[in-house]
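Residue strings, one per chain:
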Amino acid sequence: MFLADRQPSLSRKITLGYYAIALLIVGAAALPFFELLSLETKVSLGERTSELLETTLEIRRFERNYFLHRQPADYDENRRHVALARAFLDNNRTDLAAIESPATLSRFRELLDVYERNMAGYAAIATRAGRLALAETRVRSAGKDIVAIAAEMATAEKTVVRTSLAAFREVLVAVIAGLAVLILIMSRAISRRIVGPLKTMENSVEAVSGGKMGLLQAPTADREIVSITEAFNHMLRELELRQKHLVRSEKLASMGTMLSGVAHELNNPLSNISTSCQILLEEWETADAATRNTLLAQIDEQCERARNIVRSLLDFARPGSFRRERVPLRPLFAQTLRFVRGEVPARVEVSFAVADDIAVAGDAQRLQQAFLNLIKNAVQALPGEGRVVITAVAARISGEAARNRPPFEGCHVEGDVVDVRIADNGPGIAADVLPRIFDPFFTTKDVGRGMGLGLFITHEIIEEHDGCMAVTTGAGIGTTFHVRLPAASTLAQAVPTGQPR
Ligand code: ADP
């Protein structure tokens, strides 16, 4: 449990990626958020500064009215507005420090006091015309200065808000650009760490299915990738095992054929031996030594013949690994035909024309199984009568044109080869059946007659020998299976005789 928790895994990487992106977004959004908060404060201060300007203008309006009409109500209003302006200054000293120097703010505060005093002075002497003009001038001068400073503060505040807005815009653009770059970097990292290994796996799976690789290698130590790789490799091993079982069951079927052939074959030497023995028993007293010797030699020869037949069956049944060696084809076909003889109807003729020196590089036992399948198929395709002709010729293939000459288009084998043909004059293979004949378990034969594994396994065997297989067929011309195998002469250049591949 502890180990599994520490093992890297794709889901952990994805979760971490999500957390990182969420953190980035929250972090990036915080910057403009705080900028917006400060902007809000500035806008609110701007509104209040505008109110201050309004208040100072009101002060001047009531001042003018009072000078004109001398109504105490105007004077009261004037004083109230002065008090409002002062309160504003006292309450917002810290905020206002951002737009005005402390000296100007103090001067503003003093001017309000001066103004109030001057106004009070004016009100006190309002009945004495001579000194009135001077007091009025003093009030007006202080009033003008008050309005000027308030107007300056309002303008300064507007500039601050405008600058803050521009800064906010810049922050926003920077945040969006930064986020875009970070998300790009994150997606690259995700792609490298998650999609990359998956892509490598995809390629490896293709390589495995194309036969270029045996087992999958986990491209990373991520838990999910490792378990997929293990499951896939387990499946491959199972498939291989099953394929081996299939080959074994097909081989058993072939052995059935061979066994009946062998039983048939053994009959002749056994009856010869029996005849010779009977003659010897009957004529032992009368026969001369030369006749006895001849009969005993015949018995010995027939025993040897029987031993050879049994040995060939044992050879075929022998389980063993692939052994590549020189396999002369003439004796191989002779023996194989003996085995199938029991299954060949009387009016079917099976013949072979193979020169003595034609030999291929391969495993005699496996090749015999492949040829046995092809010969059996050819015989079974004939409706009680017909002909099966087997030929094998040596050839030298060099160059692409020669390699691709029909019927071996796409065949890779080059150099010294042997081309084997197993041709029958049967009905041929129907066009809709032809593409499927090499599929495992595909058969058109009745239950018990065919398992549908013959051609599949034959194809496997020929591929195992680095050879190629092709088929030409048609109604009226019958069917010919073509097999191209490396000649025995290639053994010296390639793998030493008898070595497994
Ligand atoms: P099986 O012989 O058990 O049916 P095979 O894989 O050997 O399995 O053959 C598959 C099918 O290919 C056969 O059922 C048959 O239809 C067809 N076939 C093979 N060889 C010949 C042939 N020489 N002539 C006609 N059809 C053939």
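S.K.: So what exactly am I meant to see when it comes to the pattern of salt bridges here?
M.R.: Pairing of side chains with opposite charge becomes possible as their charged atoms draw close. Using the criterion set out here, one finds 23 salt bridges in the structure. The residue R60 makes a salt bridge to E63 at a minimum N-O spacing of 2.9 Å. Of this pair, R60 and E63 both sit in helix 2 (residues 10–69), three residues apart, which is roughly one turn of that helix. One exposure class covers both R60 and E63, and it is buried. Of the charged contacts, one joins E202 and K199 as a salt bridge, the two residues approaching to 3.3 Å between their closest N and O atoms. Here E202 pairs with K199, and both are found in helix 6 (residues 129–209), just three residues apart, close to one helical turn. For E202, a relative accessible area of 41% corresponds to the partly exposed category. Note on K199: relative accessible area 44%, which makes it partly exposed.

S.K.: Please clarify how the pairing of strand 7 (residues 478–486) should be interpreted in this entry.
M.R.: Along any regular strand the residues' side chains alternate between the sheet's two faces. Counted residue by residue, strand 7 has nine buried out of nine residues, so it is predominantly covered. By the alternation rule, side chains of strand 7 split into G478, T480, H482, R484 and P486 and T479, F481, V483 and L485, which are all buried. Alignment of strand 5 (residues 415–424) against strand 7, held across eight bridges, turns out to be antiparallel. Paired with V420 across the bridge in strand 7 is V483. In sequence, strand 6 (residues 468–474) turns back onto strand 7 through a hairpin of three residues, with G476 there showing a positive phi of about 95 degrees.

S.K.: Can you help me understand the state of the cysteines in this one?
M.R.: Two cysteines whose sulfur atoms are joined by a covalent bond form what is called a disulfide. Under the criterion given, the structure shown has one disulfide. Across the disulfide from C411 sits C468; the S-S distance is 1.9 Å. Residues C411 and C468 share a disulfide whose torsion about the S-S bond is about 85 degrees; that sign makes it right-handed. Of the two residues, C411 sits in the loop between helix 11 (400–403) and strand 5 while C468 sits in strand 6, which places them 57 residues apart along the sequence. Comparing C411 with C468 shows no difference in burial state: the two are buried. Between C277, a cysteine without a disulfide, and C303, which holds the nearest cysteine sulfur, the sulfur-to-sulfur distance is 8.0 Å.

S.K.: For this particular structure, what's the right way to read a nonpolar patch on the surface?
M.R.: A grouping of F33, F34 and L37 is seen on the molecular surface, where their side chains present a nonpolar patch of about 310 Å² in accessible area. With respect to the secondary-structure elements, F34 resides in helix 2.

Calculation rules
Residues numbered from 1 in each chain as written. Predicted model: local features only at pLDDT ≥ 70, side-chain atom pairs only at ≥ 80, totals over all residues. Heavy atoms only, no water. Salt bridge = Lys/Arg side-chain N within 4 Å of Asp/Glu carboxyl O. Helix = DSSP H or I, 4+ residues; strand = E, 2+ residues; numbered from the N terminus. Buried < 20%, exposed > 50% of the residue type's maximum accessible area, 1.4 Å probe, protein only. Pairing = 2+ DSSP bridges. Disulfide = S-S within 2.5 Å. Patch = residues over 30% accessible without salt bridge, like charges linked within 9 Å, V, L, I, M, F, W, Y side chains within 5 Å. Areas by Shrake-Rupley, 256 points an atom, 1.4 Å probe, with all protein chains shown as cover.

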